[in-house]
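Observations on the model geometry
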Amino acid sequence: MAEAIDIRELNVRIEQQSGFVTNLVHGMDQVIVGQKHLVDSLLISLLSDGHILLEGVPGLAKTLAIKTLAQLIDSDFSRIQFTPDLLPADVIGTMIYSQKDENFQVKNGPVFANFVLADEINRAPAKVQSALLEAMQEHQVTIGSDTFALPSPFLVMATQNPIEQEGTYPLPEAQVDRFMLKVVIDYPTLEEEKQIIRENIMGALPTVRPVCSAQEIINAREVVRQVYLDEKIEQYIADIVFATRYPDRYGLSELKNLITFGGSPRASINLAKAARAYAFIKRRGYVVPEDVRAVAHDVLRHRIGLSYEAEATNVTSEEIVSKIINKVEVP
């Protein structure tokens, strides 16, 4: 009974705290046509203190989406265009000698912002990728002998183009695993495409004003951490992740030769965090199995290693996750 009262109280708190979510979604809808899943994924990353990797062909509003989100939250935004000649100092900053003061001074790089867009991350060499990924993991960077904390909230949205492979450096699995979500962006529908044409030929896109502060996001994260996660849901999350490692234990022996490695404990943690954030967005103080299913593809698609057999038969990690979700028993 006490638990039921707590959840009721939590629902009330979420109702009070999550008002800005409606304002953010409304603001995004003014600029971005369609792409509902992209907007939800950005909010989940933001509320879970995670980072997001977007994959899609050029021109699907990936850059515009994060730029708009940064404008709506009254925060700093920076964009780094990754190229093969980029250096780590171009991302995190460097030491510059000042003749006036006769000493070295730190010049912060573009990573010192609340929202960082790493455009075409797979175009930069490994050294640059690892410099950014250290910042993502530790929320700090080291320049010279000094360590500097990054601002809060800190969200990295990286994009990669799945078509061009020439002149690109694919992200190693260990680095891709640092991204909480990997979201695949698809083309808009025919009706949405017509609306996009209409809005763009009319002239400038609508300008948006801040609807919340960075502090509100930090406060909301505290509430998201309190969203109730039942033991049965924990078991469900663990079963889904274990099924990616040992599919034969869950009656999915046909997947055994298609998977080289499954999700790590980081997959389980991020699945729980993302499900909590999704429940918060839906104004609920507790997680239901549908929340887990809604975020499972984005959390797991980049955490499953495909064998040569899977690649030869054109089986994707997407299909493997779908089979697992359909097979694992729902509490």
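These lines cover the structure that appears in this document, whether it is placed above or below. (Residues numbered from 1 in each chain as written. Predicted model: local features only at pLDDT ≥ 70, side-chain atom pairs only at ≥ 80, totals over all residues. Heavy atoms only, no water.)

1. Regarding helix α14 (residues 317-327)
Spacing of three or four residues puts side chains on the same side of an α-helix, whose turn is 3.6 residues. What α14 keeps buried is the set Ser-317, Ile-320, Val-321, Ile-324 and Ile-325. Considered in projection along α14, the buried side chains sweep an arc of 130° and stay on one side of the axis. Looking at the packing, one finds that the buried side of α14 touches α10 (231-245), β10 (259-261), α12 (289-300) and β11 (305-306). (Buried < 20%, exposed > 50% of the residue type's maximum accessible area, 1.4 Å probe, protein only. Helix = DSSP H or I, 4+ residues; strand = E, 2+ residues; numbered from the N terminus. Arc of directions from axis to C-beta. Contact = heavy atoms within 4.5 Å.)

2. What about the nonpolar core?
When a protein is soluble and globular, its nonpolar side chains tend to lie buried together. Core analysis: the largest hydrophobic core is formed by 76 residues, its most contacted members being Phe-20, Leu-69, Leu-271, Phe-280 and Val-292. Examining the composition of this core, we find that 10 residues originate from one element, helix α11 (residues 265-281), more than from any other. Not counting residues within four places of it along the chain, the set of residues in contact with Leu-271 comprises Ile-237, Ile-240, Val-241, Val-292, Val-295, Ala-296 and Val-299. In this structure, Leu-53, Val-116, Val-141 and Leu-150 belong to the second largest nonpolar core, which totals 28 residues. (Core = buried A, V, L, I, M, F, W, Y, C linked by side-chain atoms within 4.5 Å.)

3. Observations regarding α11
In this model, α11 (17 residues) spans 24 Å end to end at C-alpha, consistent with the 24 Å of a helix rising 1.5 Å per residue. Taken together, the buried positions of α11 are Ala-267, Asn-270, Leu-271, Ala-272, Ala-274, Ala-275, Ala-277, Tyr-278, Ala-279, Phe-280 and Ile-281. Arg-283, located one to two residues past α11, shows a positive phi value of around 60°. (Expected span 1.5 Å × (residues − 1).)

4. Points about a nonpolar patch on the surface
Taken together, the side chains of Met-95, Tyr-97, Phe-104 and Val-106 present a nonpolar region at the surface, about 370 Å² in accessible area. Those elements giving two or more residues to the nonpolar patch turn out to be β3 (93-98) and β4 (103-108). Along the chain, the position of Tyr-97 falls in strand β3. (Patch = residues over 30% accessible without salt bridge, like charges linked within 9 Å, V, L, I, M, F, W, Y side chains within 5 Å. Areas by Shrake-Rupley, 256 points an atom, 1.4 Å probe, with all protein chains shown as cover. Salt bridge = Lys/Arg side-chain N within 4 Å of Asp/Glu carboxyl O.)

5. Thoughts on the sheet that holds strand β5 (residues 115-119)
Strand order in this open sheet of five strands is β2-β5-β8-β1-β9, and the pairing throughout is parallel. For this open sheet the edge positions go to β2 (77-81) and β9 (181-184), each flanked by a neighbour on one side alone. Each strand of the sheet is rotated relative to its neighbour by a mean of 20°, with strand direction disregarded. Where strand β1 (residues 52-55) and β9 come together, four bridges link them in parallel fashion. The partner of Glu-55 across the bridge, within β9, is Val-184. (Pairing = 2+ DSSP bridges. Axes fitted to C-alpha atoms, helices over the stretch in contact; angles between N-to-C directions.)

6. Considering the side chain of Ser-317
Relative to the elements of secondary structure, Ser-317 occurs in helix α14. A polar contact is formed between the side chain of Ser-317 and the backbone oxygen of Arg-301, at a distance of 3.0 Å. Among residues more than four places away in sequence, those in contact with Ser-317 are Arg-301, Ile-304 and Leu-306. (Polar contact = N/O pair within 3.5 Å; in protein donor to acceptor, adjacent residues only side chain to side chain.)

7. Section: the packing of α11 against α12
Between α11 and α12, the shortest axis-to-axis distance is 9 Å and the interhelical angle comes to 135°. When the interaxial angle is binned, α11 and α12 end up oblique. In terms of crossing hand, the pair formed by α11 and α12 is right-handed. Contacts from Ala-267, Asn-270, Leu-271, Ala-274, Ala-275, Tyr-278 and Ala-279 in α11 reach Asp-291, Val-292, Ala-294, Val-295, Ala-296, Val-299 and Leu-300 in α12. (Parallel < 35°, antiparallel > 145°, perpendicular 65-115°, else oblique. Left-handed = near helix turned anticlockwise from the far one by under 90°.)

8. Structural notes on the pattern of salt bridges
Overall, the coordinates contain 13 salt bridges when judged by the stated rule. Ionic pairing is found between Lys-36 and Asp-40, a salt bridge with its closest N-O pair at 3.0 Å. A residue pair is termed a helical-turn pair when its members lie 3 or 4 positions apart in one helix, as Lys-36 and Asp-40 do in helix α3 (residues 36-48) at four residues. Since its relative accessible area comes to 10%, Asp-40 is described here as buried. In this structure, Lys-194 and Glu-191 form a salt bridge, with 3.1 Å as the shortest nitrogen-oxygen distance.

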